[in-house]
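# Survey of secondary and tertiary structure
Listed below, chain by chain, are the residues.
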Amino acid sequence: MIARVRAGEPEAYAQLVRAHTGIALRAAAALGAGADAEDVVQQAFVKAYCSLGRFKDGSAFKPWLLAIVANETRNTVRTAARQRSLAGREAAFVEAEPLIAESADPAVAALEIERRAALQSALEKLSEEHRLVVTYRYLLEMDESETAQALGWPRGTVKSRLNRALRKLGRLLPDFQPREGGDERG
C-alpha cells in the first residue's frame, strides 16, 4: 500500500486513512487530546504523508502512525497548556468508539463505566512512560512488537516498563487482574 502511495496513487493513502482513523482517534483520546482528538489525528495523517519518504519498507504502518499521533497529542496538550479533566478525557475516549453495546444489561453497563473511570483515574497517576506502554499494549490492543515500534523502545524495555506499570496499577486498583499469558491481548 505504501508503495502505491509513493507512486502517486491518492486513493491508496485514502485507504490507509480509512483503515487507521478509528485506532488513531482512540489513541489520541486515550493519550489526552480530548476534544482536539480529531484535529490531532488529521495533523498526524498529514505529517505521516509528508514523512512517507522516511518510512522503512517492510515496517508496519499502524505503530509508525500511532507514534506520530502520540507526538502530536503531546504537542497539542503542551501547546494548549491546560490540564484536561478526568471527565473530559473519559468523555472523549467514550465518544471515540462505543465501548458498551446498547443492548447490554444496564447494571452491567454501569459497572463497566465505573471500572473504566477507575482505570482512567489510575492511569493518570502513572508516569508518562508507564501510561503510554499500558495504553498502547492494552487500550489500543497492540502486541509487544507493535508497542515497541510505536514507542521507539526495545522489546525488553516494553516488557520491563509494562511489568512495572501493571504492578503500580495493581496497587492503585486492588481488583485489577491483568490476563495471564505470553502475547495475549487484554
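Quick look at the structure, then. (Residues numbered from 1 in each chain as written. Predicted model: local features only at pLDDT ≥ 70, side-chain atom pairs only at ≥ 80, totals over all residues. Heavy atoms only, no water.)

## A short note on the overall build of the protein chain
Scanning the protein chain for helices and strands turns up nine helices and zero strands. Taken from N to C terminus, the helices and strands of the protein chain fall in the order α-α-α-α-α-α-α-α-α. The buried share among the 186 residues of the protein chain stands at 41%. Considering only contacts in the protein chain between residues 6 or more positions apart, those separated by 24 or more positions represent 66%. As presented, the protein chain carries roughly 10500 Å² of accessible surface, and 51% of it is formed by carbon and sulfur atoms. (Helix = DSSP H or I, 4+ residues; strand = E, 2+ residues; numbered from the N terminus. Buried < 20%, exposed > 50% of the residue type's maximum accessible area, 1.4 Å probe, protein only. Contact = heavy atoms within 4.5 Å. Areas by Shrake-Rupley, 256 points an atom, 1.4 Å probe, with all protein chains shown as cover.)

## Some details on a positive patch on the surface
Positive charge collects at one region of the surface, where Arg-164, Arg-167, Lys-168 and Arg-171 lie side by side. Among the structural elements, Arg-171 can be located in helix α9 (residues 155–172). (Patch = residues over 30% accessible without salt bridge, like charges linked within 9 Å, V, L, I, M, F, W, Y side chains within 5 Å. Salt bridge = Lys/Arg side-chain N within 4 Å of Asp/Glu carboxyl O. Lys, Arg positive; Asp, Glu negative; His and termini not counted. Charge placed at Lys NZ, Arg CZ, Asp CG, Glu CD.)

## What to know about α9
Here α9 contains 18 residues, and its C-alpha end-to-end distance of 25 Å stays within 8% of the 26 Å for a straight helix at 1.5 Å per residue. Within α9, burial applies to Val-158, Arg-161, Leu-162, Ala-165, Leu-166 and Leu-169. For α9, the angular spread of the buried residues around the axis is 140 degrees, confining them to a single face. Each element contacted by the buried residues of α9 is listed here: α6 (106–124), α7 (128–139) and α8 (144–151). (Expected span 1.5 Å × (residues − 1). Arc of directions from axis to C-beta.)

## What to know about α6
Between its first and last C-alpha, α6 extends 27 Å over 19 residues, near the 27 Å set by a 1.5 Å rise per residue. For α6, every residue scored as buried is listed here: Ala-109, Gln-120, Ala-122 and Leu-123. Along the long axis of α6, the arc covered by the buried residues comes to 160 degrees, so they all point the same way. Opposite the buried face of α6, by more than 90 degrees, sit the exposed residues Pro-106, Ala-107, Glu-114 and Arg-115.

## Here we look at the packing of α6 against α7
Relative to each other, α6 and α7 sit at 145 degrees, their axes nearing to 10 Å. Here α6 and α7 pass one another in a crossing that is right-handed. Contacts between α6 and α7 involve Leu-119, Leu-123 and Glu-124 from the former and Arg-131, Val-134 and Leu-139 from the latter. Class assignment for the residues of the contact of α6 with α7 results in four nonpolar, no polar and two charged. (Axes fitted to C-alpha atoms, helices over the stretch in contact; angles between N-to-C directions. Left-handed = near helix turned anticlockwise from the far one by under 90°. Nonpolar A, V, L, I, M, F, W, Y, C, P; charged D, E, K, R; others polar.)

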